[in-house]
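# Secondary and tertiary structure notes
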Amino acid sequence: MKIESIILPVHNSECWLDECLESVLEQDFKETMELSVFNDASEDGSAEIIERWKVKLEDAGIPVIIGSNDSSQPRGVGFAKNQAVIQSSGTYLCFLDSDDVMMPQRVRLQHEAAIQHPNSIIGCQIRREPLESTERYTRWINNLTEEQLLTQGVPEDLLFFYKHIEKGGEVFRVDHCLLLYRYHPQAATHSVLEGTIWNHRVRFLEDRVLSYWTSFTIWNAGKQGKKLYRSLSPANQKKVTAFCDVDEKKITKGFYTYEESEERPKPKIPICHFREATPPFIICVKLDLTHGAFEENLNTLNLKEGMDYYHFN
């Protein structure tokens, strides 16, 4: 029998947990489903809430497995997820954060998609709470095309995602809003250092894209473009033929000198207008910030994403 396991890591989640667990109870999935919870050293009322909901869920035919880290120090959301997976018995795993809420059809629709796309991580569209939080991010993630899920998608579980792609895995999104995704200061998203995420993304870019290119242009002669250049390995820095931009001041300057380099003379990379630049491009420009001007400029070049350019923004 194939079981669907909902994987739920918990740490000090009492203010969201009732609504989260109620959304498990309200799933319209008719096949076998279990809930695997791992409580990572919560100091609030999370444990009591979990025990209370265990009774409700099992009365409704949903087995609940509970594990816990009873030390004084939490081990982190990654550890808690892994422990919840280890103690589960599911063939399919549905990951749920304790501060989020599933729509009633989430497990059913994503389970159906997983059967149809057995080599894929299955995502969905989301809505944020508060509604005005990270509006650009929500609009972006909900509107990625099937190809862009691979070329632009940057999930929270970055290392898991990258390992999946490296092993030949794919990504598929159910185009329905199936998850209420809360944004707040205590969210696990904020616990990962920005520099750590950046470094992993750069290494992935080098392995998956730049290793196949002999040369490329960085689209953005500003801070983000220069930061990417400095983060590259020396071998990939040598592949950068130019920076391109639309800012006349940057273009007039003519070049960027890599002052931190130990090479003599120090590398000087030309800066040119994007129309004079040679693809392929690594684009370090944030989308949806220029009232469509950047997107229009990119479209005029008639390039193919994933072949002639990749976004790194």
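Residues numbered from 1 in each chain as written. Predicted model: local features only at pLDDT ≥ 70, side-chain atom pairs only at ≥ 80, totals over all residues. Heavy atoms only, no water.

In the nomenclature of an unreviewed UniProt entry, the protein corresponds to Queuosine-tRNA galactosyltransferase isoform X3 from the organism Apteryx mantelli.

So, about helix H4 (residues 106-116). Residues of H4 that are buried: Arg106, Val107, Leu109, Gln110, His111, Ala113 and Ala114. Taken together, the buried residues of H4 touch strand E1 (4-10), strand E2 (33-40), strand E4 (92-95), strand E5 (101-102), strand E6 (120-129) and strand E7 (170-182). (Buried < 20%, exposed > 50% of the residue type's maximum accessible area, 1.4 Å probe, protein only. Helix = DSSP H or I, 4+ residues; strand = E, 2+ residues; numbered from the N terminus. Contact = heavy atoms within 4.5 Å.)

Per the counting criterion, the structure on display carries 12 salt bridges. Put simply, Asp18 and Arg52 hold a salt bridge, and the shortest N to O gap is 2.8 Å. Within this pair, whereas Asp18 is found in helix H1 (residues 14-25), its partner Arg52 is found in helix H2 (residues 46-59), the two being separated by 34 residues in sequence. Relative accessible area serves as the criterion here: at 39%, Arg52 is assigned to the partly exposed category. A salt bridge links Asp28 to Arg108, with the nearest nitrogen and oxygen atoms 3.0 Å apart. In this pair, Asp28 is assigned in the loop between H1 and E2 and Arg108 in helix H4, connecting sequence segments 80 residues apart. (Salt bridge = Lys/Arg side-chain N within 4 Å of Asp/Glu carboxyl O.)

Next up on the list: the sheet that holds E6. Read from one edge of the open sheet, 3 strands run E5-E7-E6, paired in mixed fashion. Edge strands, defined here as strands with exactly one partner in the open sheet, are E5 and E6. Inspection of the sheet shows E6 paired to E7 by 10 bridges, in the parallel sense. Paired with Arg127 across the bridge in E7 is Leu180. Relative to the sheet, H4 contacts E5, E6 and E7, its axis offset from that of E7 by approximately 170 degrees. Each of E6 and E7 is contacted by helix H7 (residues 158-166), which is oriented at about 150 degrees to E6, the strand it contacts most. (Pairing = 2+ DSSP bridges. Axes fitted to C-alpha atoms, helices over the stretch in contact; angles between N-to-C directions.)

A word on the environment of Ile121. Here Ile121 shows up in strand E6. Judged by its relative accessible area of 25%, Ile121 is partly exposed. Beyond its immediate sequence surroundings of up to four residues, Ile121 is in contact with Phe160, Phe161, His164, Glu170, Val171 and Phe172.

With 41 residues, the main nonpolar core has Ile6, Leu8, Leu35, Leu96 and Met102 as its most contacted residues. With 5 residues, E7 is the single largest residue contributor to this core. In this structure Ile6 touches Val24, Met33, Glu34, Leu35, Ser36, Cys94, Leu96, Met102 and Val107, once residues within four positions along its chain are discounted. Of all hydrophobic cores here, the second largest spans 23 residues; its members include Leu210, Leu232, Tyr258 and Tyr310. (Core = buried A, V, L, I, M, F, W, Y, C linked by side-chain atoms within 4.5 Å.)

Once that is clear, we can look at the sheet that holds E1. Strand order in the open sheet formed by 4 strands is E3-E2-E1-E4, with parallel pairing between adjacent strands. The sheet is open, and its two edges are formed by strand E3 (64-69) and E4, each paired on a single side. Each adjacent strand pair in this sheet contributes to an overall mean axis angle of 20 degrees, direction not counted. Sheet analysis places E1 next to E4, joined by 4 bridges and oriented parallel. Bridging across to E4, Ser5 finds its partner in Leu93. Running at roughly 140 degrees to E2, helix H3 (residues 77-87) makes contact with E1, E2, E3 and E4 of the sheet.

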